[in-house]
Amino acid sequence: MPFKDKNGKAARIVTNVTDPTLTVIRPAAGKANGTAVIVCPGGGFQILAWDLEGLEVGQWLADRGITAFVLKYRVRPNMTLPNPGAGAPRPKGADFEKTTKALAPYRHIAMADGLQAVRFVRENAPRYSVAPDKIGIMGFSAGAMTTMAVVLEGRGPTHPDFAASIYGGMENKAPGADAPPLFVAAAQDDNRHQERRPLPKMV
């Protein structure tokens with residue numbers, strides 16, 4: 001579904017994903033460094049910001065020698081938007097908590113797709129000329145929440161080697177001793193919840 005971002009640039013969002021896929025974006029010949037990153041676009045578990053938080057990020061990584069795998073994870077089916085350019089609804093306060101609970105099953109499904117993506121890339125590392133011990137995952141907004149779920153629940157072949165959570169909600173669960181290196185980007189002035197709470201201290 002095409003729309004224009006706030007700068008008037010044409011972009012696409014994806015809705016009604018029922019079959020997860022990985023889109024591979026490879027570095028130019030001779031530039032690959034053996035690192036792989038699975039990219040999870042955001043969209044409130046209802047849509048996917050396919051260009052802005054998916055393909056464009058994947059190309060940025062590929063330009064720097066990293067093989068990108070953009071994950072089209074499953075989202076809430078039959079989702080229609082009154083204004084496609086506005087993206088997914090952004091509830092606040094009590095409505096935010098209510099919406100979060102309603103979307104919990106889709107968060108679980110997205111996590112399952114993220115875990116399977118890590119497994120797939122690792123099992124097929126030679127095919128894509130990446131190192132099986134240099135497989136990371138990163139995501140934006142809902143994709144960041146998916147990333148954190150993979151970090152917390154991944155075991156063995158589904159355990160990422162590093163991760164990046166970009167403006168996503170924080171999980172109410174401490175990572176284990178075997179947690180991978182993690183980069184978190186968040187903003188203190190994000191007022192979508194209406195009430196402002198201090199960010200947790202990162203160790």
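Everything that follows concerns the structure shown earlier in this document.
### Quick look at the sheet that holds strand β10 (residues 182–185)
Taken together, six strands build an open sheet; the order of strands is β4-β7-β5-β8-β9-β10 and the sheet is mixed. Pairing within the sheet leaves two strands with one partner each, and these edge strands are β4 (21–25) and β10. Neighbouring strand axes in the sheet, compared pairwise and without regard to direction, differ in orientation by 15° on average. Bridge count between strand β9 (residues 162–166) and β10: four bridges; the pairing is parallel.

### Focus on the pattern of salt bridges
According to the stated counting rule, one finds four salt bridges in the structure shown. Between Arg12 and Asp51 there is a salt bridge whose closest N-O contact spans 3.0 Å. With Arg12 in strand β2 (residues 10–12) and Asp51 in helix α1 (residues 51–62), the pair connects residues that are 39 residues apart, well separated along the chain. Among the residues examined, Arg12 registers a relative accessible area of 40% and is labelled partly exposed. Across the salt bridge formed by Glu153 and Lys173, the nearest N and O atoms sit 2.8 Å from each other. On the criterion of sequence distance, the pair formed by Glu153 in helix α4 (residues 142–153) and Lys173 in the loop between β9 and β10 is long-range, its members being 20 residues apart. Looking at Glu153, the relative accessible area reads 35%, which means it is partly exposed.

### Regarding the pairing of strand β7 (residues 67–72)
Among the six residues in β7, five count as buried, and that is most of the element. Looking at chain direction, β4 and β7 are connected through five bridges and run antiparallel. Bridging from a neighbouring strand, Thr23 pairs with Val70 of β7. Here strand β5 (residues 36–40) runs beside β7; their pairing, made up of four bridges, is parallel. If you follow Ile38 over to β7, its bridge partner there is Phe69.

Scoring rules and cut-offs
- Along each chain, residues carry numbers from 1 onward, in the same order as the chain's sequence is written.
- Only residues with pLDDT of at least 70 are given local features in this predicted model, and only at 80 or more are side-chain atom pairs given and counted; all residues enter the totals for whole chains, interfaces and linings.
- Hydrogens and water molecules were not included; the side-chain quantities draw on all heavy atoms of the structure.
- Strands qualify as paired when DSSP identifies two bridges or more between them.
- Secondary structure follows DSSP: runs of H or I at least 4 residues long count as helices, runs of E at least 2 residues long count as strands, and numbering of each begins at the N terminus.
- Helix axes are fitted to C-alpha atoms over the stretch in contact, other axes to C-alpha atoms as well, and angles between N-to-C directions run from 0 to 180 degrees.
- A pairing counts as a salt bridge when a side-chain nitrogen of Lys or Arg comes within 4 Å of a carboxyl oxygen of Asp or Glu.
- Here's how the labels work: a residue is buried when its accessible area is under 20% of the maximum for its type, exposed when over 50%, partly exposed in between, all with a 1.4 Å probe on protein chains only.

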